[in-house]
Amino acid sequence: MRKGAARAKFFVMLAIAAALVGLLGLAPLLLPGDVNATDLGQSLLAPGSAGHALGTDTLGRDVLLRTLAGGSESVTLALAVVVIVVALGVAVGLAAGLLGGAVDAVLSKVITAFQAFPAFVLAVAIAGVLGQGLANMIIAIAAVYWTQFARLVRGIAIAFRESECVAAARVSGAPRRALLGKYLLPEAAGPVAVLAAVSMSDIVLTMAGLSFIGLGPARPTNEWGAMMAEAQPTFQYAIWCMLVPMAALFVVVVVFNLLGDSLRDALDVRSQFMPKRRGVWGNRTVRHPEQSEGSWGIEAGRSFAALRMTRGNTRGNREMEEEGLTK
């Protein structure tokens, strides 16, 4: 895909995702009254009934209003979890990749241990030990998904640390902080953003799964998984109670997956730095187009070596810099 078309696709998906998040985020402010207020006289009304476009559930609650309220809860919690796992994963990945040695060995073993189990199974185990509750569900999901960000950033940091061009820049007198801030972090930002976007769908699915089996927020809640669990007894004759939150979950998952794919194409993220993405049930590969060597390697050597040479290096230092630039 051409770069211009890829960027156009990304902006379209970004607008759709922003509109969806905005709608769900503002839903609690726009919804009339208490969406959990019961009215047994209005129970199990079919879609299209007066005042209830998508029907009501067994307690007479409007299914559409509950779905919108549940979407606000699900998306807000998913965004909070993404922020937590990105911060934790990037910190651990940088520590492992840059420090190396025993630190890298220990952290790599920890990452491998967490990734030895399917994501949803491990989340269920952790949530089962901690018990039901919103905070416990967030802890369980964050404990599962931070590892993929740590592995991704670790690989980028190791490639950065072992680059010959970066070594040439270091010989030229470039400070480590300048290299990290100017080259490593911007290089890692693209793959991390792509992984964060596609992880949103997995996190929303995991939240729904935990709520469905009773390990999510305590009732009453409008979380989509809990709504589908409540609709099981009436599924045969009031199918809309389950189909509406299920359709909303499907739309959110598809939108964030497409957003991640379009962002990947727009940024032209290198496939060698992208690990297998852990889905809800296990690992699956995120495909990315091949790209030539990133900018931080050659540019780091060129910029710092050129700066050093203009300040009047000795002949030996100039030879080392020239050697680094020609590799």
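Given the structure is predicted, the values throughout are model-derived calculations rather than measurements.

Conventions we followed
Residues numbered from 1 in each chain as written. Predicted model: local features only at pLDDT ≥ 70, side-chain atom pairs only at ≥ 80, totals over all residues. Heavy atoms only, no water. pLDDT = per-residue confidence, 0-100. Helix = DSSP H or I, 4+ residues; strand = E, 2+ residues; numbered from the N terminus. Buried < 20%, exposed > 50% of the residue type's maximum accessible area, 1.4 Å probe, protein only. Core = buried A, V, L, I, M, F, W, Y, C linked by side-chain atoms within 4.5 Å. Contact = heavy atoms within 4.5 Å. Phe/Tyr/Trp six-rings, centres within 6.5 Å; stacked < 30°, edge-to-face > 60°. Patch = residues over 30% accessible without salt bridge, like charges linked within 9 Å, V, L, I, M, F, W, Y side chains within 5 Å. Areas by Shrake-Rupley, 256 points an atom, 1.4 Å probe, with all protein chains shown as cover. Salt bridge = Lys/Arg side-chain N within 4 Å of Asp/Glu carboxyl O. Axes fitted to C-alpha atoms, helices over the stretch in contact; angles between N-to-C directions. Parallel < 35°, antiparallel > 145°, perpendicular 65-115°, else oblique. Left-handed = near helix turned anticlockwise from the far one by under 90°. Nonpolar A, V, L, I, M, F, W, Y, C, P; charged D, E, K, R; others polar.

What to know about the confidence of the model for the protein chain
Per-residue pLDDT for the protein chain has a mean of 81; in total, 82% of the residues score no lower than 70. Ranking the elements of the protein chain by mean pLDDT puts helix 10 (residues 295–310) last with 40 and helix 4 (residues 119–130) first with 94.

Concerning the environment of Pro191
Among the structural elements, Pro191 can be located in helix 7 (residues 176–212). For Pro191, a relative accessible area of 7% translates into the label buried.

A word on the nonpolar core
Core analysis: the biggest nonpolar cluster contains 72 residues, and Ile141, Ile203 and Leu210 have the highest contact counts within it. Counting residues per element, the ones that place at least two in this core are helix 1 (3–30), helix 2 (63–99), helix 4, helix 5 (134–161), helix 6 (164–171), helix 7, helix 8 (224–230) and helix 9 (240–267). Of all the elements, helix 7 adds the most residues to this core, at 15 residues. Those residues in contact with Leu210 that sit more than four places away from it in its chain are Phe120, Ala123, Val124, Ala127, Met137, Ile141, Leu215 and Gly216.

Observations regarding the packing of aromatic side chains
This model, assessed by the stated rule, comprises two aromatic pairs. Seen in terms of ring centroids, Phe10 and Phe11 are 5.4 Å apart; in terms of plane orientation they differ by 50°. Their pairing is tilted. On the basis of relative accessible area, Phe10 is assigned to the buried category, the value being 16%. Here the aromatic rings of Phe114 and Trp146 are separated by 5.6 Å at their centres, their planes lie at 70°, and the arrangement is edge-to-face. In this pair, Phe114 sits in helix 3 (residues 101–114) while Trp146 sits in helix 5, placing the two residues 32 residues apart along the sequence. Using a relative accessible area of 9% as the deciding quantity, one classes Trp146 as buried.

Looking at a nonpolar patch on the surface
The grouping of Phe235, Ile239, Leu243 and Met246 at the surface amounts to a nonpolar patch, some 310 Å² of accessible area in total. Among the structural elements, Leu243 can be located in helix 9. Since its relative accessible area comes to 39%, Leu243 is described here as partly exposed.

Topic: unusual backbone geometry
The omega angle of the peptide bond from Arg219 to Pro220 is 0°, so this bond is cis rather than trans. When you line up the elements, Pro220 lands in the loop between helix 7 and helix 8.

Digging into the environment of Gly155
Note on placement: Gly155 falls in helix 5. With 62 residues separating them in the primary sequence, Gly155 and Gly93 have C-alpha atoms 7.9 Å apart.

A short note on the packing of helix 1 against helix 2
For the pair helix 1 and helix 2, the least separation of the axes is 8 Å and the interaxial angle reads 115°. Here helix 2 runs roughly perpendicular to helix 1, going by the angle between their axes. The hand of the helix 1/helix 2 crossing is left-handed. Contacts between helix 1 and helix 2 involve Val21, Leu24, Gly25, Ala27 and Pro28 from the first element and Leu68, Gly71, Ser72, Val75 and Leu79 from the second. Its residues assigned to classes, the contact of helix 1 with helix 2 comprises seven nonpolar, three polar and no charged.

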